[in-house]
Amino acid sequence: MSLKLFRRGSARCLGLLSAFVTILLCLYYISMGQPTLQPKDTTATITIIGGSGSTSSNAGNANGALLHLPLQHFNKNSPHKIKINDQETLEKHKYAILQQKQQQQLSSAVGSIAVSNDDETGMVVDNPNWDGKCYILNESVTNITAGDEYPKFDFQPEWIRTKEYWDRGFEERFEAQKSDKERPSLKIIVVPHSHNDPGWLKTFVNYFQADSRQILNLMVTKMQEYKEMTFIWSEISFLQLWWDQAHPTKQRALKRLINSGRLEITTGGWVMTDEANVHIYAMLDQLIEGHQWLRNNLNVTPTVGWSIDPFGHGSTVPYLLSGSNFEGAIIQRIHYAWKQWFARQQNGDFIWTPYWEKQGGTQSNKQGQLLMHNMPFDIYSIKGSCGPHPYICLNFDFRKIPGEYTEYSVKAEFITDENIEKKAQLLLEQYARTASLFPHNVALIPVGDDFRYNKEREVDQQYINYKKLIDHIMDNKRLYNVDISFGTPKDYFNEIRKRSESFPTFKGDFFVYSDIFSEGRPAYWSGYYTTRPFYKIMSADLEHNLRAAEILFTIAYNNALKFHHENAIKIFEKNYEKMINARRNLALFQHHDAITGTSKAAVMRDYAMRLFESTQDVMKMQESTIELLIQNGTSHHNFLLSELERDNFSKLPRKTLIPLGINSIGSDFVDINLGLNGEKAKSTSFVIYNSLAQKRLEVITLRTLVPNIKVYNELGAELHHLQINPVWNITDPYDLGINTGSSSAGRIRVSTRQYEVMFVAQLDALSLNTYRVEIDEVNYKHAMATIYCDECTDTTTPPSVATNGEFTVKSKPAGDVQLENNHMRLLFDEKTGFLKTVTRKNKDQKLLQPMQCAIKFAAYRSAQFHSGAYLFKTDPEQSESEKDVLEQYEDIRIIITSGPIASDVNVIYGPFLAHTVRILNTQTYLDAAIYIENDIDFEPPPKNRETELFMRFVTDIDNIAPAKKDILKDGDTVQELPEFYTDQNGFQYHKRVKVPTIGIEGNYFPITTGAFMQDSRVRLTLLTTHAQGAASYEPGQLEVMLDRRTLYDDYRGMGEGIVDSRLTRHKFWVLIEDMPAQPQNKYQVPSLLATQLANGLRYVPNVYFVETFDTPSTQLKPKALLFEQGVLPCDVHLLNFRTLSEEQLQLFPTSSALLILQRQGYDCAVGQDIDTSAICNFSTKGLGQLKFKHLNIARLETTTLTGMLRAKERKRLNSFAEINLEPMELRTFNATFKV
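Anyway, here's the lowdown on the structure attached to this text. Note that the coordinates shown come from a computational prediction; the quantities given were computed from them, not determined experimentally. (Residues numbered from 1 in each chain as written. Predicted model: local features only at pLDDT ≥ 70, side-chain atom pairs only at ≥ 80, totals over all residues. Heavy atoms only, no water.)

**Description of the overall build of the chain**
Looking only at helices and strands, one finds 21 helices and 55 strands in the chain. Residue pairs at least 24 apart in sequence account for 76% of intrachain contacts in the chain once pairs closer than 6 positions are excluded. About 47,200 Å² of surface is accessible on the chain, with carbon and sulfur atoms providing 49% of the total. (Helix = DSSP H or I, 4+ residues; strand = E, 2+ residues; numbered from the N terminus. Contact = heavy atoms within 4.5 Å. Areas by Shrake-Rupley, 256 points an atom, 1.4 Å probe, with all protein chains shown as cover.)

Spelled out as C-alpha cells, the structure:
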C-alpha cells in the first residue's frame, strides 16, 4: 500500500510519513538521553554489620543491629526521576532533524563502496559465511600438545649437573645412523649472525654508536670482499638509524647483498619482540613498522622468522608471521626439558598450530600455522650451538681481539695446514650429532653472539677460518660425505622441505622458560612477567593513546583533504612525523629487554623518556584531529586540552580540573576559563572520545573546583544520575612533625579545593560526544556521597571555612561491611577492610548461596641472587615462602563512600598500599562486575627488600583438573591439581595446570589482559590493564603479582637488582558468571561481557576540556560519529586504522590506511544471566554497510597482516560486507579513500 501511495505522489501521505519518522527519531534520541536501562524497583544498600560480623541477607538479622544506608539511585519510584523540560525536548528535536538531514545527504552520496539500496535508511546486508551470535570453538587436533607432554617431564634429570642432555642413548642412535644407508646425507648450513639488543646494558643509541653501526658498515664492505660469506639481520630499529646516516654507495651495496640472497633480513620487526608481556596491538604494530620501512627503502619482504633471545616463546608470534606469508621461523629459549624431549623424539622441526578450531567449520586449520625450527641446544652463542658439547664448540669461536681475555679467545686455535684435518673432523663430529636430532639430517649452525662482528679483525678471523674448514671438507667430499656451506635460515627451510614430506603439528606454548646453564640447577624466568610494572603501564598507556590517535588521524586527515581544510592539512602533515616517532618508540619498548624490565636502571629511564614524550605527542595529535571533526562551521585550533596532565615520566598522570570559572572559598587555583569581557563563565564543555568500534557504557570521573554542578550529555539532556565524591588529602606524619615510628598515623581529610564528579556515559561506537557542565545552585546535594570514616574530620576547622557543598562524614560503626546492588552483595572484613565473600543474586533479585571470595595481600620472600629482574624464586632458607608484608603498617584506614552511582570500600595501609573495591549501581551490565584499584608504593630502599608482592583471591571454586591416567605411575595417588586459563598477548587463552614437581616459580604464567578459573558452577575472571604474572597454585586460588623488589642481581647479565620501584596504580575488573555444562575438548574463551570489559579497561574513553580563554567562540557539534553508517559486530575489534606513509617521502601521510580487524572469540554460553543487549546486539551477520565520516572508499583490498602485498597481488573487494572473519581471526585490509 505504501508503494501505491508513493506512486500517486500524495502530499498528505508524504507529510504523514515525514511526521511519523520525525516522531520516531525524537523518541529514539529522548531514550538515548540517559545511559541507564529501565531500572528495577530495587534499592542498593551499604550495610555495616555489628556483633559477630556474619553475613546476613535481610535487615532482621539476629546477630545485631543492621545499619542500612540506602545507595541513592533513581528508579521508577525515585524522587530523582529524570524530567525533561520543554527546552531540552526542543534541543533533541533540533538534533534529530539535523541527523535526519545528514542521513538524507549520505543516501545521495556517490562513490561509496557500501552496498546501495533504494531505501534511504539502508537495508541490512548479511554475510552468509558469517557465524551468528553463538558458535563453539574446539581445541585443535595436533600430534603434540604442550599441556599433555610437559607434566610428564623429569625436571631433575641425572644430566642436570653436567648441563648436557647428550647421553648414551643419543650417542648410540648417532652411531646407528652412520650405518643407515637410507638416511639422507649430512648437510650443514653455517649462518653468521650478530644479535643486537636495542637497549640492555647500554641505551639504544649508545649501542648503535658503539657497536651496531660498525657491524653494518663492516658487513657491507667485507661481504663485497668475501664473496661466499652470508649474514642475517633482524633489528630494523638499528638498520633504520644506519640507513639514514650511510653513504649512498653503502646503501646501494646493502641492496645488492639483499637482492643476491647473501644478506637475509629475518623477521623484519622493529625489534625482536618479547613474547610474554607484549599486547597484540604493539606486537603487530612493531612488525608493521619494520616491514613497511623495509618495503619503502629496500623493496624487500621478509619470509623467515628469527627469534632467538626472548625468554620463552608463545604462539602469537607464529600466528602473526603466518599471516604475513612467512615460510618458517626459528626459536631458541625453551625449557631445558623441552630441549631434551624434542631431541629425543627428533621433532625439533614442527608446525605450530593455533589452539582452536571452529566446530563444524569448513575452513582448513592451516590458517595461522607456521613451520618452526627449535635450536636444539642451550643458547645461540658459538659455544652453545655448534653441537652437544660446549667445551668442544669453544674451539671454533675464532674471535681474538687484543685486550679481550675470554674462554674462547684462550682456547680457540686458528686453522692451519697442520691442524685443519683434525679440526675439520672434530667440528664435523659436532655438526653431525646436531643433525642426528632431526630425521632430515640437516643442521643449521649459527656462528655469532651478542654484538659480534663489531671489529674488522673478528670478521676476518671468523670468515677466513670457517672458509678454510668448509673448503677442506668440500674438497674431500668423498671422504666426509657431507655438504657444507655458508647460508641463511631461508636455505635451511628450503632444504628440509625438499627432504621431508610432513612435519608433526604442535599446539601450546613454551612458558615458563627455565635454563640450567648457570649453576646446573633449574632457574625459572617468571620474574620478568611483573618486573618494573610502572614501565609496563607506561607502555600500555602509550599504546592506548597511539591507537586512539591513529584512528582519529586517518579519518581527520582524509576529511581535511576532501574538504580542503588547508590549515588542518598543514598541522597534520607537520605532526605526522611525531606519530611515526611514537610508533617507533612504542615498538622499541616491545624489545625483549625493555618491556620485560630487564635492562639497567639508566636504560629503563631512557625508554621511559621516549614513552613519555611520545604519549605527549599523540595526545596533541588527538586534540588537533578532534578539533577538526567536532567543529560545526568554525575552523579554530588549540582549544582542546586533555583531561590528564603528565608532569614527567616518573609520576602518575594527574587529572586536571574542569576549567569552570567559579570562585571557591580557600581555592588557590588560577581560573583559565574567562568570558570575553573577563567575567567568569558559568558553564563549560568537554568532549568524550570513544575509540572502540562498539557502543559502550562507561563511568566517567572528572575533577572540579566546586561540588555544585550539573552535567548535560550530547543531546542537551541533564544527567540526573550523578555522584559527587570527595578528593582526599593525605598528609604524611613526618610532614606534621609527629613521631614517625611505625605506629604513627598520617592525617586524612576531605579536600575543600577539589571534588570528583562521577556519571555514566553511553557512547556510540567511534564517537566524539560534547558534554556540558554548569553550576547547579539548587539540586546538587542529592548527588553528594556519604562518607564513613574514623578520624577523617578536622575538628579544628571553623565552620566559616566549610564550603556550601561539604560532605556528610560519619564514623564507621563497628562490624563487617556490606556493599550491595541489584546483582550482588559483598562482605568486607571489619579489621582488614578486605573482601571476604560475594553473594550473587538471581534474576528475581533473590540472594544465592554466599561464595567465598577473599582478597589477600602478601609477598614471597625472594631468594637472594636467584630472584632478580629475570628470575623468580622463593627463599629456600625460610620455613614459610610467604610473608605478611602489611603487618609492618599499623596505620590502617578504612573509608567507605556511598553515592547514587557507586559505593567504595577504601583501605589504606600507610604509604605502601591503597586498595579500593567498588560496585556500581547503574542498572546496567556494569553492576555485575567488581572494580578494584591498588596504589602501591614500595617506598625507598631498603624498605620492603626481597619482596614479591601479590594479590590473591581465595575462593571456593573447585578448579581441579581432571586426572590424566597416562601421567600416573603404579601406586600413585590422584593429586588435586588446580587449573586456570591465562590470556596470551590479549589474543588467545591457554589452559594452565599446576605441575606439582615444580615450585611456585615454575607455575607462574604471563598475562596481558586477564585470567580466569572455573568449575561446573561458576567462573571468576580477573581483567587487568597491563602485563603481569599470574598463578593458581592451590585449588580455588587465583593470584597476580603486583610488584617486585630484589636487591641482588640474578646472574643473567644485567648486573643490578631491582630497586627503582615507583608509585604504581593497578586497575582490575572482577567478573563472576554462571557456567553452563561444558562439552569435552572445548576451547575456553571469555564471555562477551568479559571481552567488552577488557577492551574498555585497556582503551578507556579520553576526555578533553574546551578552553575558551583567549579563543574566539567555537561552535561544536553535539556528536560526531566516525562511523557515519553501519557499525562493527560486537565481537569484531578495530585493532588499528593506521595511515600508510608515502613510499618516497616517508614522513608524509597518504590517503591509504591499514584497517586491522580482530574477531575476538567469546563463549556465548557463559554469563547468560547478564544482559548486554543495550550496547551489543547481533542483528546482522558480518560488517554489512560501513562508512567512515564523510568519506568514500576508492579501493578496499585484502593484504597480509603487515600490509606487504603489492597492488597487483591484492584482491579487491566491492564491499565491507564481503569481509569474512572466522572467530579468533586477525586480518588486515588496505583501504584507500577518495579525496
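**Some points on the pairing of strand β22 (residues 696-704)**
Counting buried positions along β22 gives seven out of nine residues, so the element sits mostly inside the fold. Bridge count between β22 and strand β25 (residues 747-763): nine bridges; the pairing is antiparallel. Bridge assignment links T704 to a residue of β25, and that residue is Y755. (Buried < 20%, exposed > 50% of the residue type's maximum accessible area, 1.4 Å probe, protein only. Pairing = 2+ DSSP bridges.)

**Concerning a nonpolar patch on the surface**
On the surface, a nonpolar cluster with roughly 280 Å² of combined accessible area is contributed by L1145, L1147 and F1148. On the secondary structure map, F1148 appears in the loop between β50 (1132-1141) and β51 (1149-1159). (Patch = residues over 30% accessible without salt bridge, like charges linked within 9 Å, V, L, I, M, F, W, Y side chains within 5 Å. Salt bridge = Lys/Arg side-chain N within 4 Å of Asp/Glu carboxyl O.)

**Let's talk about the packing of helix α9 (residues 280-298) against helix α10 (residues 316-323)**
Packed helix pairs are specified by the crossing angle of their axes together with the interaxial distance, meaning the distance between the axes. Packing of α9 against α10 brings their axes to within 11 Å, and their N-to-C directions diverge by 45°. As far as their axial angle goes, α10 and α9 are oblique. Along this stretch, α9 crosses α10, giving a crossing that reads as right-handed. In this structure, α9 contributes I280, M283, L284 and L287 to the contact, and α10 contributes T316, V317, L320 and L321. (Axes fitted to C-alpha atoms, helices over the stretch in contact; angles between N-to-C directions. Parallel < 35°, antiparallel > 145°, perpendicular 65-115°, else oblique. Left-handed = near helix turned anticlockwise from the far one by under 90°.)

**Topic: the sheet that holds strand β54 (residues 1212-1213)**
As summarised here, the arrangement of the five strands in space is β50-β51-β55-β53-β54, forming an open sheet in which the pairing is antiparallel. Looking along the sheet, the strands with just one partner apiece sit at the ends: β50 and β54. Examined bridge by bridge, strand β53 (residues 1193-1199) and β54 share two bridges and lie antiparallel to one another. For L1196, the partnering residue across the bridge sits in β54 and is L1213.

**Considerations on unusual backbone geometry**
Look at the link from F511 to V512: it is a cis peptide, with omega at 15°. Across the junction of P941 and P942, the peptide omega takes the value 10°, indicating a cis bond. Looking at where P942 falls in the secondary structure, it is placed in the loop between β37 (929-936) and β38 (947-955). The phi torsion at R532 lies on the positive side, around 55°, for a residue other than glycine. Looking at the secondary structure, you find R532 in the loop between β17 (523-524) and α18 (533-562). Judged by its relative accessible area of 5%, R532 falls in the buried class. A positive phi angle, near 50°, is found at E946, a position not held by glycine. By relative accessible area, which is 7% here, E946 ends up buried.

**Quick word on the pattern of salt bridges**
Side chains bearing opposite charge may pair, as long as their charged atoms lie close to each other. In the structure shown here, the tally under the stated rule is 61 salt bridges. Ionic pairing is found between E228 and K467, a salt bridge with its closest N-O pair at 3.6 Å. Residue E228 is located in the loop between α6 (204-225) and β6 (231-233), and its partner K467 is located in helix α15 (residues 456-475); the two are separated by 239 residues in the primary sequence. One salt bridge in this structure joins E495 and R499, with 2.9 Å as the shortest N-O distance. Placement of both E495 and R499 in helix α17 (residues 489-499) is noted, with a separation of four residues, approximately one turn of the helix. For R499, a relative accessible area of 25% gives the class partly exposed.

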